[in-house]
Structure formats: structure tokens, C-alpha cells
Amino acid sequence: MATQEECKDLTFEEREQHFKKYNQLRNVSSEPATGEEIKRFYDLHAQDYDRILKDIKFIAQIIGPQELDKQLKVMKCPPDAKIADVGAGTGMPGQTMKELGYTNMTAFDISPGMLEEAKKKDVYTDFILCDFNEDTMEKYHKQFDHAISIGSFVSGHLTCGALDKIARIVKSGGLVCISFRERNLESEELGYKQKLEEMEKNG
């Protein structure tokens, strides 16, 4: 993977191609990237990230929060409910949540660069730099009313173990909204579907 120094003089179009090429490579592998690899990649693209997602017509950061909002309204959830955004990136899911009226969001991400961009949106009350694959997250157990994770459970990124950790940081009765690409959800190698079924069975 190219370094930040090697990419600093690239045009936006060249950086976008680099982004797409990297994701294509990751999507054909069931092996997770190292935390350091993921951090470097997203730090590199943090400033261009929103524009790249707009160009590739990525809309999960809108649809996911809208779906969570529907269920929270059924529960008569207050706007200041404490919500964890796992893999918040530059804060696009949080931005949609704020537009829907939610005011108490915490951003979790592995990339300092992405969190710096998220801060500019002024939609989160706290920012936590962490790796859900490696960190225990014990200090956050049952600290959140609900959680959302958009675009992080994909090949090469968050693994099945992170599903357990998200469930643990949410209080009993809380909702967890996670986006999956169909091919990743159905992949036996990644094991997301099997893990979710196991979690549902075990309550």
C-alpha cells in the first residue's frame, strides 16, 4: 500500500483510484487487515473520504441511521439517548443521526485522521480512538443506550469478535444497527451471519 508521503501530491482522481484499488484487494480476502494497515489507509484518505463516498454513490450512511431512527421512534427514544457510532469514520452516519434529532453520539474509530474530520461536523459529544478487533472495550460495557456501525463489517475490517463487543457496550434492551454487504454477510469464511444467529440464539 502506498504511504502518505508517496500519495501527498496525487490529484483527487488519483487518490480516488488508490482508494478503490485498495478496497478491491481487501474485498477478495477474508483475512483481516492489521490495525496499523487500516489506520494508515484511512488516515491517508480522511480529507477526501466524504467526496470519494459521494462519487461512488455510497448511501448506507444515510439509510442505516434512517432505519435505526424508525425503530427508536417506536421505542419513544429520547433525543439525548447515548448512542455509540462504531467505525464512525468522518462522521457521516453521525451527521444523519443529528439531522434526525439525536444529540448524544460518541464516535469510535481506529483512525486519528478520520476522527479529526468527524470533529469538524460538530455532531458528536465524544471521540474515542480504539480498535474494536484488538481492544477489550471493557471500560465501555453497558455505557450506551444504542449503537450503530456503518461500513465497518466488511472483508478485511471488523471481525466477528467485534460483534460481541458492540453488544456488550449497549445496555439491556438497547438496539444495535449494523450495515453489511450481502456477499460479506453470506460469506462462511467471514462468519458474520453464523455469529449473528448464534448471538440471537443465546439472547
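Residues numbered from 1 in each chain as written. Predicted model: local features only at pLDDT ≥ 70, side-chain atom pairs only at ≥ 80, totals over all residues. Heavy atoms only, no water.

Novice: What am I meant to see in helix α8 (residues 160-169) here?
Specialist: Turning to α8, its buried residues are C160, A162, L163, K165, I166 and I169. Elements that come into contact with the buried residues of α8 comprise β1 (83-86), β4 (146-153), β5 (176-180) and α10 (192-202). (Buried < 20%, exposed > 50% of the residue type's maximum accessible area, 1.4 Å probe, protein only. Helix = DSSP H or I, 4+ residues; strand = E, 2+ residues; numbered from the N terminus. Contact = heavy atoms within 4.5 Å.)

Novice: Sorry if this is basic, but what is going on with the pairing of β5 here?
Specialist: Looking along a regular strand, one sees side chains alternate from face to face of the sheet. Burial along β5 is one-sided: the residues C177 and S179 are buried and none of V176, I178 and F180 is. For the segment spanning β4, α8 and β5, crossover handedness is right-handed. (Right-handed = clockwise from strand over helix to strand, strands pointing away.)

Novice: Just checking my understanding: could you explain the sheet that holds strand β3 (residues 126-129) for this structure?
Specialist: By way of backbone hydrogen bonds, the strands of a sheet pair with one another, either parallel or antiparallel. One open sheet holds the 5 strands; their spatial order is β3-β2-β1-β4-β5, and the pairing between them is parallel. Two strands bound the open sheet, and with one partner strand each, they are β3 and β5. Each adjacent strand pair in this sheet contributes to an overall mean axis angle of 15 degrees, direction not counted. Relative to strand β2 (residues 105-109), β1 runs parallel, the two sharing 4 bridges. By the bridge assignment for β2, A84 is matched with T106. Of the strands in this sheet, β1, β4 and β5 are in contact with helix α5 (residues 60-74), which crosses β4 at around 155 degrees. Strands β2 and β3 of the sheet are contacted by helix α7 (residues 112-119), whose axis makes an angle of about 175 degrees with β3. (Pairing = 2+ DSSP bridges. Axes fitted to C-alpha atoms, helices over the stretch in contact; angles between N-to-C directions.)

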